[in-house]
Amino acid sequence: MTDMKSNLHSRLRTLADNLWWTWHPELISNRLSDLDPRLWRQVDHNPVAFMNQVTPAQVEERASELVLHSRINYAFRRLNEYVEDHNTWGAIHCGNLNNRPVAYFSAEFGLHESIPIYSGGLGILAGDHLKSASDLGIPLIGIGLLYHQGYFCQRLNKDGWQEEDYINLDVNMLPLRPVMDSKGVPMVVRVDTRSNPLLARVWEIQVGRIRLMLLDSNIEGNSQKDRELTSRLYGGDHEQRIRQELLLGIGGARILQGLNIFPGVLHLNEGHSSFAILEEVRRIMEYDQIPFKRALRRVSLYTVFTTHTPVAAGHDRFSPDLIEEHLGVFRENLGLSHRDFMALGRVNPADSAETFCMTVLALKSSRRANGVSAIHGDVSRLMWNCLWPDRIESEIPIGHITNGVHILSWLAPQMYQLFQTRLGQDWPSRMIHPDVWEKVADIDDAELWETHQTLKMRLIGFVRRRLQKQAERLGQRDMLKHIEHILDPEVLTIGCARRFATYKRGDLIVADLERLTRLLKDPRRPIQIIFAGKAHPRDNEGKHLLQRIAQLSYTKKFRSSIVFVENYDYNVARHLVQGVDVWLNTPRRPLEACGTSGQKVVLNGGLNLSVLDGWWNEAYDGKNGFAIGHGGMHNDLAVQNQRDSEYLYETLEREVIPLYYQRDVHGVPSQWVKRMKHAMQTLGWRFNADRMVKDYVERFYLPAANATSTET
Ligand SMILES: *Cc1c(COP(=O)(O)O)cnc(C)c1O
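Residues numbered from 1 in each chain as written. Predicted model: local features only at pLDDT ≥ 70, side-chain atom pairs only at ≥ 80, totals over all residues. Heavy atoms only, no water.

(A) Focus on the overall build of the protein. Along the backbone of the protein there are 29 helices and 20 strands. Against the globule reference of 27 Å for 712 residues, the protein gives a C-alpha radius of gyration of 26 Å, in line with a compact fold. Dimensions of the protein, computed from the C-alpha atoms along their principal axes, are close to 80 × 75 × 55 Å. For the protein, with 712 residues in total, the buried portion stands at 61%. (Helix = DSSP H or I, 4+ residues; strand = E, 2+ residues; numbered from the N terminus. Rg over C-alpha atoms; globule rule 2.2 N^0.38 Å. Buried < 20%, exposed > 50% of the residue type's maximum accessible area, 1.4 Å probe, protein only.)

(B) View of the packing of helix α11 (residues 275–288) against helix α13 (residues 320–334). Where α11 contacts α13, the axes come no closer than 10 Å and their chain directions differ by 25°. The angle between the axes of α11 and α13 places the two elements in the roughly parallel class. Read as a crossing pair, α11 and α13 show a hand that is left-handed. Residue-level inspection shows Phe275, Leu278, Glu279, Arg282 and Met285 of α11 in contact with α13, the latter providing Ile323, Leu327, Phe330, Asn333 and Leu334. Grouping the constituent residues of the contact of α11 with α13 by class yields seven nonpolar, one polar and two charged. (Axes fitted to C-alpha atoms, helices over the stretch in contact; angles between N-to-C directions. Parallel < 35°, antiparallel > 145°, perpendicular 65-115°, else oblique. Left-handed = near helix turned anticlockwise from the far one by under 90°. Contact = heavy atoms within 4.5 Å. Nonpolar A, V, L, I, M, F, W, Y, C, P; charged D, E, K, R; others polar.)

(C) Examining the pattern of salt bridges more closely. In total, this model carries 35 salt bridges according to the counting rule given. In this structure, the salt-bridge partner of Arg282 is Glu279, at a minimum N-O distance of 2.8 Å. Placement of the pair is Arg282 and Glu279 together in helix α11, with a separation of three residues, close to one helical turn. Neither residue differs from the other here; Arg282 and Glu279 are each classed as buried. Note that Arg331 is salt-bridged to Glu324, the shortest N-O span being 3.0 Å. Members of the salt-bridge network, linked through shared partners, are Arg194, Glu324, Arg331 and Glu332. (Salt bridge = Lys/Arg side-chain N within 4 Å of Asp/Glu carboxyl O.)

(D) Molecular detail of the environment of Val43. Relative to the helices and strands, Val43 resides in the loop between α3 (37–42) and α4 (47–52). Between the C-alpha atom of Val43 and that of His485, which follows or precedes it by 442 residues, the distance is 28 Å. Ignoring any residue separated from it by four or fewer positions in sequence, one finds Val43 in contact with Ala49, Phe50 and Gln53.

(E) Seen up close, the nonpolar core. Judged by nonpolar contacts, the single largest core of 241 residues is most densely connected at Phe275, Phe341, Phe419, Trp427, Leu576, Trp672 and Tyr701. When residues no more than four places from it in sequence are discounted, the contact partners of Phe275 are Ile242, Glu245, Leu246, Gly249, Ile250, Ile323, Leu327, Phe356, Met358 and Leu361. (Core = buried A, V, L, I, M, F, W, Y, C linked by side-chain atoms within 4.5 Å.)

(F) Highlighting unusual backbone geometry. Residue Arg589 is joined to Pro590 through a cis peptide bond whose omega torsion reads 0°. Here Pro590 shows up in the loop between β18 (582–585) and α25 (597–602). The phi dihedral of Val67 is positive, around 55°, even though this residue is not glycine. Summarising the element assignment, Val67 is placed in the loop between α5 (56–66) and α6 (69–84). Positive phi, normally seen in glycine, also occurs at Leu487, with a value near 65°. One can find Leu487 in the loop between α21 (477–482) and β15 (492–497).

(G) View of the side chain of Asp613. Here Asp613 shows up in the loop between β19 (607–611) and α26 (616–619). The buried charged residue Asp613 lacks any salt bridge, with Arg589 as its nearest oppositely charged partner at 4.8 Å. Of note is the side chain of Asp613, whose polar atom sits 3.2 Å from the backbone nitrogen of Leu591. At 3.0 Å, the side chain of Asp613 forms a polar contact with the backbone nitrogen of Glu592. (Lys, Arg positive; Asp, Glu negative; His and termini not counted. Polar contact = N/O pair within 3.5 Å; in protein donor to acceptor, adjacent residues only side chain to side chain.)

(H) Looking closely at the sheet that holds strand β20 (residues 626–628). Strands sit in the order β17-β16-β15-β18-β19-β20 across an open sheet of six strands; the sheet is parallel. Each edge of the open sheet is held by one strand with a lone partner, namely β17 (562–565) and β20. Neighbouring strand axes in the sheet, compared pairwise and without regard to direction, differ in orientation by 20° on average. Along the sheet, helix α20 (residues 445–474) contacts β15, β16 (527–532) and β17; its crossing angle with β17, the most-contacted strand, is approximately 70°. Contacting β16 and β17, helix α22 (residues 513–520) crosses the sheet at an angle of about 120° to β16. (Pairing = 2+ DSSP bridges.)

(I) Main features of the site of the ligand. In the neighbourhood of the ligand, the contacting residues comprise Gly120, Gly121, Ile124, Trp410, Lys504, Tyr568, Asp569, Ala573, Gly595, Thr596, Ser597 and Lys600. Between the ligand and Lys504, the relevant distance is 3.0 Å, taken from an oxygen atom to a side-chain nitrogen or oxygen of the residue. The contact in question runs from an oxygen atom of the ligand to an N or O atom on the side chain of Lys600, over 2.6 Å. In isolation the ligand has 390 Å² of accessible area, and contact with the protein removes 94% of it. Contributions of two or more residues to the shell around the ligand are made by α8 (121–136) and α25. Grouping the constituent residues of the shell around the ligand by class yields four nonpolar, five polar and three charged. The two domains that each donate at least three residues to the shell around the ligand are domain 2 (89–403 + 694–706) and domain 3 (409–422 + 451–627 + 663–685). (Near = heavy atom within 4 Å. Areas by Shrake-Rupley, 256 points an atom, 1.4 Å probe, with all protein chains shown as cover. Domains from an automatic or database assignment.)

Structure (structure tokens):
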């Protein structure tokens, strides 16, 4: 037998080094938390940081005391089985991709709170895509950027105003490995510009079976400014933005070349990485000695583009000068004139005043493109009709694949256990089949309700701890005395967490404060609301929205029933979606591309209360949650806001609140639980990332890979 001491420590290290642990909390997080709960919290649930701070002897001693050996060994075995399993769905269905994987490009990836390289929905979606691709065994490689300061940490001050902190990552605290080139030295990719060349080293993170490559410009040889290029997400000006995108697209494609990996599919998650298409074209021109136009045609056959932005202003555009400065050298390699190059990113190639749009480049040079919900598909076809002026709207080649969430990453362990016993142990691999969720009917109402209440209590404990810390920092003595009276598990609890962008209308529910007060203070049937969300550092309007809510939450009158939790991130989101009764979403239709946070509450037993936009527009059936209004729109913003808030209060007063407080003799809200179950049954199998990734494979990846293998 090998030395048990180093063994246990090194096994935990191996577990910590593969993000598979992020979706098996019951196997690993719980063990580390058993070993040292205080340290586990202190390192913010980061297992690499945790393992850096304990010695093999300490691990051995604690594990013996707590009899944890067999559990840790079990987790280790499960990971190995997972990684080595060749019997996956992908192995059976993705034959053509096995030698030529999908290259999945994204400017952000949300995988866990300890890896802050995401800002919101786009990143979480990309992270969930990787995790499901791993579970399904899809040959896929992720490519992104390593941000040393992430997006930002949000703190509120005494006036409820958002302040931003930037904390530098310690790369030793992340499960990163340097990627080696073919000569066995750490890989450096280089992109030449008219001024100084741009260099980046490459890190790799293991996400289950999937490799995620991250470019990092903080190396010697770069100017100071370029060393900071990958420090923040969405932080800089246009110049920083184009340099980041140069690195992501062109640098990212060069990583693959350095590893001798030739992608069968390029999947661009949003337009930030569109330059990857051109680098792939350059490679094909050189390799096959064919002209630009033919190479572009070939690459477009295997390029898949997913757009996420339903507002014209949200698409990246660069001036001709910026393009020439940064892509001039590259353009000459392609043998294109400035005008021809600009034409690739222009709606009207002849219009020399038009800027270069990354989305236009992607749409023009990909054979397959999609929006992220049915309604967003419609919006996108309308928006980009200009690229195909001679076609009617329904023939614009943009389809849709509705987003889904990676269930095991968002499901509470308590619910997971309940499903294990009631739905059969294999439910996670069969979740896209409706019959799995039919069995939810067999779960005892009281047991489901109890489980949900336990999760709500956990959420309330979490919120109180956060508010206590905040109050200590701000010296709010009154608030400190009041902490134990904040929120009540018996009260209907509404979660409302989102980016504080104006179109999301995070303040819609406080539009009529008098009417809301009546609901909050109703002696028999009160409600309470938990808010969270960040405003972009330069979005003053969003910050004012947020401040209004934060200030209400500080007042004596509302502090028990309106709370604002700082620093909305993966961790805050997980607590919220697992514990609330109702998830509130109030975007201005049709500006929510999909919205995925509401999908996260479904299997945890939460009900959606949402405007009929994004995914909810195709999900709501009248009984699996609640709708705000009927999907109407109005050109006058004030009118639309007024109507929607009216609908919101009405739905709360007439439907949501009465249903929640209607109890049977055992205190169970049986009609409410019926709706919880109906939501699980009608939504569980559809709005998950396994279904989404399979859709991408069947509708896009395989046809794209097949198109190239038959083209000569
Ligand atoms: C899921 C999630 C989002 C995306 O949610 P929306 O519904 O698009 O607002 C944003 N941020 C975090 C932290 C999330 O977990």
